[in-house]
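Here is how the chains run, residue by residue.
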Amino acid sequence: MNIEGDIVLVYYKEEPGVYARIERIEADVKPDWYRVTLTLLTIPKQVITWILREEYINGDIFTMGGNSMRLEKVESPEFDDEEEDTETEDDSTDKKDSKKKTKIVQFKKKD
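Since the model is a prediction, treat every value here as computed from it, not as a measurement. (Residues numbered from 1 in each chain as written. Predicted model: local features only at pLDDT ≥ 70, side-chain atom pairs only at ≥ 80, totals over all residues. Heavy atoms only, no water.)

Caption draft 1: Spotlight on the sheet that holds strand β1 (residues 7-12). Spatially, 6 strands are ordered β4-β3-β2-β1-β6-β5 in an open sheet, and the strand pairing comes out antiparallel. Strands with a single pairing partner mark the edges of an open sheet, and in this sheet they are β4 (46-53) and β5 (62-64). Strand-to-strand twist in this sheet, taken as the mean axis angle between neighbours without regard to direction, amounts to 40°. As paired strands, β1 and strand β2 (residues 15-27) are joined by 6 bridges and run antiparallel to one another. Following the sheet pairing, I7 is matched in β2 by R21. (Pairing = 2+ DSSP bridges. Helix = DSSP H or I, 4+ residues; strand = E, 2+ residues; numbered from the N terminus. Axes fitted to C-alpha atoms, helices over the stretch in contact; angles between N-to-C directions.)

What follows is the structure, given as structure tokens:
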């Protein structure tokens, strides 16, 4: 189930439209419906509240104003040392030396 804090991709008419973060999921006055508060990750950000069933929160298609909509959870990428494992045997540097080659770029504020 999508939960508070999850990032979702909002589909509009079967096309990806906008990313959003689920801020709150609260029971609505109607049984089996929930008030879902989303922050749309746009510039500027927008906060909206939709009343949805649990199935819709979890990715089933629903309609809004006659248009199909869907929420798809965005999985966070997993970061591990797999990239280091892709080194070839011809590479003469060891893993410690390859980490030293990492270049850090700082952003400088223009005056």
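Here the narrative resumes.
Caption draft 2: Structural context of the pairing of strand β6 (residues 67-73). Two strands pair when backbone bridges link them, and β1 and β6 are joined in this way by 5 bridges, in the antiparallel orientation. Of the residues in β6, the one forming a bridge with V10 is L71. Strand direction decides the pairing type here: β5 and β6, joined by 3 bridges, are antiparallel. Residue pairing across strands places F62 opposite M69, the latter belonging to β6. Hairpin remark: β5 followed by β6, antiparallel, with 2 residues in the connecting loop; positive phi at G65, about 65°.

Caption draft 3: A look at the nonpolar core. Ranked by internal contacts, the top residues of the largest apolar core, which has 15 residues, are V10, V36, W50 and L52. At the level of elements, β1, β2, β3 (33-40), β4 and β6 are the ones that each hand at least two residues to this core. A total of 4 residues in this core trace back to one element, the largest contributor, which is β2. The residues touching V10, leaving out its near neighbours within four places in the chain, are E15, P16, G17, V18, A20, W50, M69, R70 and L71. (Core = buried A, V, L, I, M, F, W, Y, C linked by side-chain atoms within 4.5 Å. Buried < 20%, exposed > 50% of the residue type's maximum accessible area, 1.4 Å probe, protein only. Contact = heavy atoms within 4.5 Å.)

Caption draft 4: Structural detail: the pairing of β3. Counting buried positions along β3 gives 6 out of 8 residues, so the element sits mostly inside the fold. As defined by bridge partners, β2 adjoins β3 across 7 bridges and the pair is classed as antiparallel. Bridge pairing links I25 to V36 in β3. Here β2 hands over to β3 after 5 residues, with D32 in that stretch at a positive phi of 70°. As paired strands, β3 and β4 are joined by 8 bridges and run antiparallel to one another. The residue bridging L38 from the neighbouring strand is I48, located in β4. The antiparallel hairpin formed by β3 and β4 contains 5 residues in its connecting segment.

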